[in-house]
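# Reading the structure
One-letter residues, chain by chain:
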Amino acid sequence: MIEASHYDQARERISTQGFTPEIQTKISLLLSFTKSGNLMFHAGVQWQPRLDPVHQAMLAQYSRELEALTLLSRTTQWSLNPALAMRGSQILAPLTLAWGQVMLPPGPLLNPRAAYRGISLGHAQLARIRLAPVIPDHTDPLNPFVVALQRIELENGRLLQTQIRLLKNMPTEIPLAEREARVTADQHLVNGVFNDFLRWLAAD
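The following paragraphs examine the structure supplied in this document. Not measured: the values here are computed from a predicted model.

This part is about the overall build of the protein. Looking only at helices and strands, the protein features eight helices and zero strands. Computed over its C-alpha atoms, the radius of gyration of the protein comes to 17 Å, within 12% of the 17 Å expected for a compact globule of 204 residues. Taking all 204 residues of the protein together, the buried fraction comes to 47%. Counting contacts in the protein only where the partners sit at least 6 residues apart, residues at least 24 apart contribute 84% of the total. Seen as two clouds, the 19 positive and the 17 negative side-chain charges of the protein have centres 5 Å apart.

Okay, the environment of glycine 18 next. Following the sequence through the fold, glycine 18 ends up in the loop between helix H1 (4–17) and helix H2 (21–43). Along the chain, glycine 18 and leucine 29 lie eleven residues apart, while their C-alpha atoms are 18 Å from each other. Ignoring sequence-local partners within four residues, the contact set of glycine 18 consists of Arg13 and Ile23.

The next point concerns the pattern of salt bridges. For the coordinates displayed, the defined rule picks out nine salt bridges. Note that arginine 158 and glutamate 155 form a salt bridge whose closest N and O atoms lie 3.0 Å from each other. Here arginine 158 and its partner glutamate 155 are both found in helix H7 (residues 144–169), three residues apart, which amounts to about one turn of the helix. A salt bridge links aspartate 196 to arginine 199; its shortest N-O distance comes to 2.2 Å. Pair noted here: aspartate 196 and arginine 199 are both in helix H8 (residues 176–202), with a separation of three residues, about one helical turn. On the basis of relative accessible area, aspartate 196 is assigned to the partly exposed category, the value being 32%. Since its relative accessible area comes to 39%, arginine 199 is described here as partly exposed. One connected set of salt bridges, linked through shared partners, spans Arg64, Glu155 and Arg158.

So, about the nonpolar core. Ranked by internal contacts, the top residues of the largest apolar core, which has 46 residues, are Ile27, Leu131, Phe194 and Phe197. Mapped onto this core, the elements with two or more residues apiece are H1, H2, helix H3 (53–75), helix H4 (82–91), helix H5 (93–102), helix H6 (112–128), H7 and H8. The element contributing the most residues to this core is H8, with eight residues. If we skip the residues at most four places from it in the chain, phenylalanine 194 touches Ile2, Tyr7, Leu30, Arg128, Ile129, Arg130 and Leu131.

As for its placement among the helices and strands, glutamate 22 is situated in helix H2. Judged by relative accessible area, glutamate 22 falls into the partly exposed class, the value being 37%. With 143 residues separating them along the chain, glutamate 22 and arginine 165 place their C-alpha atoms 37 Å apart. In contact with glutamate 22, other than residues within four places in its own chain, are Ser79 and Leu84.

Residues other than glycine predominantly adopt negative phi, and peptide bonds predominantly adopt the trans conformation. For the peptide bond that leads from proline 105 to proline 106, omega is 10 degrees, which places it in the cis range. Structurally, proline 106 can be placed in the loop between H5 and H6.

Calculation rules
- Residues numbered from 1 in each chain as written.
- Predicted model: local features only at pLDDT ≥ 70, side-chain atom pairs only at ≥ 80, totals over all residues.
- Heavy atoms only, no water.
- Helix = DSSP H or I, 4+ residues; strand = E, 2+ residues; numbered from the N terminus.
- Rg over C-alpha atoms; globule rule 2.2 N^0.38 Å.
- Buried < 20%, exposed > 50% of the residue type's maximum accessible area, 1.4 Å probe, protein only.
- Contact = heavy atoms within 4.5 Å.
- Lys, Arg positive; Asp, Glu negative; His and termini not counted.
- Charge placed at Lys NZ, Arg CZ, Asp CG, Glu CD.
- Salt bridge = Lys/Arg side-chain N within 4 Å of Asp/Glu carboxyl O.
- Core = buried A, V, L, I, M, F, W, Y, C linked by side-chain atoms within 4.5 Å.

In C-alpha cells:
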C-alpha cells in the first residue's frame, strides 16, 4: 500500500517551499518515465494492418500518453542539478527492469505473456501513482505546472478505465490464476517505487 504519511510529508514540504524547479523536476521525472514505458509498449500497435477494438483502445492510449509527455515537457521548470536525474533513475530502476522485460524480443505483439504484463504494468502505474494528494490546498490554481498536473491526473483516471477493460477483455490463453498473480505482483512493484519516490519528494 501507499503510506499516507508519505503523502503528508511530501505535501508539507511543497506547502513550505512551493513548486520549486527541484520539486517539479522530481515529479516530472517520475511521470515522464512511467508514461514513456507505457508509450513504448503501446507504440507497436501502430504497425498492425487492421485495428480491432482492443488495438484501437491501445492506440488511443498511446496518443493520450504522448500528449501528457508533451504537456509535461513544456510546463515543467527543470532543475539543472544532475544529481536529481541520477537519484530518480535509482528509484525508478525496478520499473526500468520491468518495462525492459516486457519489451524483450520477440516483443509484446508476438509474446502473449509480455503483452499481458505490459497492460498489467500500465494499469498498476495509473492506479497507484496519484499525485493530486501532494498539492497543498493553498496552491495557486493557475500555476501552469499545477494545471498540467491536474489535467494529467484527470486523464489518468480515464486511461485507467481503458486498462481495466483491456485486462478483462484481452483475448489470451493465460490461466486466470497466473493473470491475477501478475496483476498483484505489478501492484506491489509500483507501490514500492512510489513509496520511495514520495520519501524522496519530501526530502531535502
